[in-house]
Amino acid sequence: MQITSLNTNNTQATFLLTDKFKTISIQVIFLGEFSKDNATSRSLLSRILPLSTKSYPTKDALYNKLYDLYDMSLSVSTYPSYKTNMTSFSITYVNPKYLKTDIDLHSEALNILKEVIFNQNIIDNAFEKKLFKEQKLLLAEEIKNVYNNKHRYALRQLLNNMGKDEIISVSVLGNLEDLEKIDEYSLYQTYQDLITREKAYINVIGDVDVEEMQKYLKILGDFKSVNDDFNVVSNEDKEIAEVKELFEKQNINQAKLMMGFRTKVNSKDKLYPALLVFNAMYGGTFQSDLNRVVREEHSLCYTIASQIIPDIKLLIVSAGIDSNNYKLTKELVLKELDEYKTGKINQENMKIAKESLISELNEVEDSPNGIINFYFKNILFKQEETIDEMIDKINAVTEEEIIEVAKGVNLDTIFLLAGENYEG
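As the structure is a computational prediction, the values presented were derived from the model and not from experiment. (Residues numbered from 1 in each chain as written. Predicted model: local features only at pLDDT ≥ 70, side-chain atom pairs only at ≥ 80, totals over all residues. Heavy atoms only, no water.)

Some remarks on the pattern of salt bridges
Using the criterion set out here, one finds 20 salt bridges in the structure. The partner of Asp366 in a salt bridge is Lys20, and the shortest N-O contact between them spans 3.2 Å. With Asp366 in the loop between α12 (347–364) and α13 (368–380) and Lys20 in the loop between β2 (11–17) and β3 (23–33), the pair connects residues that are 346 residues apart, well separated along the chain. Between Asp193 and Arg197 there is a salt bridge; the shortest N-O distance is 3.7 Å. Remark: Arg197 and Asp193 occur in helix α7 (residues 184–197); sequence separation between them is four residues, near one turn of the helix. A residue is classified by how much of its surface remains accessible, and Asp193, at 30% relative accessible area, is partly exposed. (Salt bridge = Lys/Arg side-chain N within 4 Å of Asp/Glu carboxyl O. Helix = DSSP H or I, 4+ residues; strand = E, 2+ residues; numbered from the N terminus. Buried < 20%, exposed > 50% of the residue type's maximum accessible area, 1.4 Å probe, protein only.)

Below is the structure:
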């Protein structure tokens, strides 16, 4: 795969040139601030944007148009990296070289993308009322449904209590209190901020001619010149004065245990590959130590896993357990962590963990979006790294690096969502 970056449309465009796919994907990503003040409005906005434009004022009109163009795929999503919000507009279509058609699919795709980004169905400085109310209601239902998904609810409660005044407590979905305050006029202002005040980047993947595609990209027009200095990872090491243990009872059969740990490694750190390997060994795979010890040897849980959120330097251990197994489960989770800290590394587990991570990285190359997301991190983190280079770094991780990572992993908060009969 050949990667070419150049300036076009008053911004940076990255062309990922490959003949592996019969499609072309074009993505425009806007970067701005992620905070409690805007999380809910951004969440709602991302639901409305792909459903209507001035030229295609209904979802049916827009999606019938896409279908007629050999079933083009359109999406808008929003997600954070630490204190930076990313709003992604993406369109995917069949490469014209594989079709016998007189339709200029490049032009059609970019005109639709331009419509969705810049020509929303705005009426008197507001989103169309019916669509706005419909999507606001659907988002409210989705936020409420977090309570019904006990795993998501327990994780949200953990993060809320772990860092009440930190970005980790802000839900990407948003919250009902803020949602109630949003109307179709205020959401229009959020939309205006997005397209006029945020830094845009363009990504293109497929078998294309760069010069030809650069000319087609001019359809989008020029983007605004804005500051591109963003907080994409936390560099702060939190001191833990005392571990917090929090409990809540509900009428549930399976208790949800969430253990939140602080780490000292973020996505840009030189020890990041070692963090990936450590997490895979500790609880990130079915062959991990937590699965082997807590689930298989002691039969204390139905499920158990660890996951890292590297941009905010967190590691979360989650388990579905019987409430009465809480104390022993907690002890074993911490005991296994201590094994790493004291240098007890299982070589076979380390080998399996590396193989699993390398397999995941190889799978990235099977998906256009996976490739785009991987290489866009280079822009976010101001680095240059290929998938092959990341694989080499995974292979090169040493026992000493894993021990160093583990020594920086410390328990901060525990949240147990227990059954009503739990006596503690």
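Text resumes after the structure shown.
Thoughts on the sheet that holds strand β10 (residues 314–321)
Read from one edge of the open sheet, five strands run β7-β11-β8-β10-β9, paired in mixed fashion. Unpaired on one side and paired on the other, β7 (244–250) and β9 (301–309) mark the two borders of the sheet. For this sheet, the mean angle separating the axes of adjacent strands, direction not counted, is 15 degrees. With eight bridges joining them, strand β8 (residues 255–262) and β10 adopt antiparallel strand pairing. Within β10, the residue paired with Phe261 across the bridge is Leu315. In this fold helix α10 (residues 289–297) packs onto β9 and β10, with an angle of close to 155 degrees to the strand it touches most, β9. (Pairing = 2+ DSSP bridges. Axes fitted to C-alpha atoms, helices over the stretch in contact; angles between N-to-C directions. Contact = heavy atoms within 4.5 Å.)

Considering α10
Because an α-helix packs 3.6 residues into every turn, residues spaced three or four apart end up facing the same way. Those residues of α10 that sit buried are Asp289, Leu290, Asn291, Val293 and Val294. Ser299, located one to two residues past α10, shows a positive phi value of around 50 degrees.

Here's the deal with the sheet that holds strand β5 (residues 84–94)
The six strands lie next to each other as β1-β2-β6-β3-β5-β4, forming an open sheet whose pairing is mixed. Of all strands in the sheet, those bounded by a partner on one side alone are β1 (2–8) and β4 (73–81). Across this sheet, the average inter-strand angle for adjacent strands is 20 degrees, counted without regard to direction. Direction of pairing for β4 relative to β5: antiparallel, over a ladder of nine bridges. The partner of Ser81 across the bridge, within β5, is Thr84. Lying over the sheet, helix α1 (residues 36–48) contacts β3, β4 and β5, oriented at roughly 170 degrees with respect to β4.

As for the nonpolar core
Ranked by size, the top nonpolar core spans 73 residues in total, and within it Ile26 and Met213 carry the most contacts. Tallying contributions element by element places helix α3 (residues 105–118) first for this core, with seven residues. Sequence-distant contacts of Ile26, defined by excluding residues within four places in its chain, comprise Phe89, Ser90, Ile91, Tyr93, Leu110, Leu113, Asn203, Val204, Met213 and Leu217. Formed by 60 residues, the second largest nonpolar core is a distinct cluster that contains Ile345, Ala406, Ile414 and Ala418. (Core = buried A, V, L, I, M, F, W, Y, C linked by side-chain atoms within 4.5 Å.)

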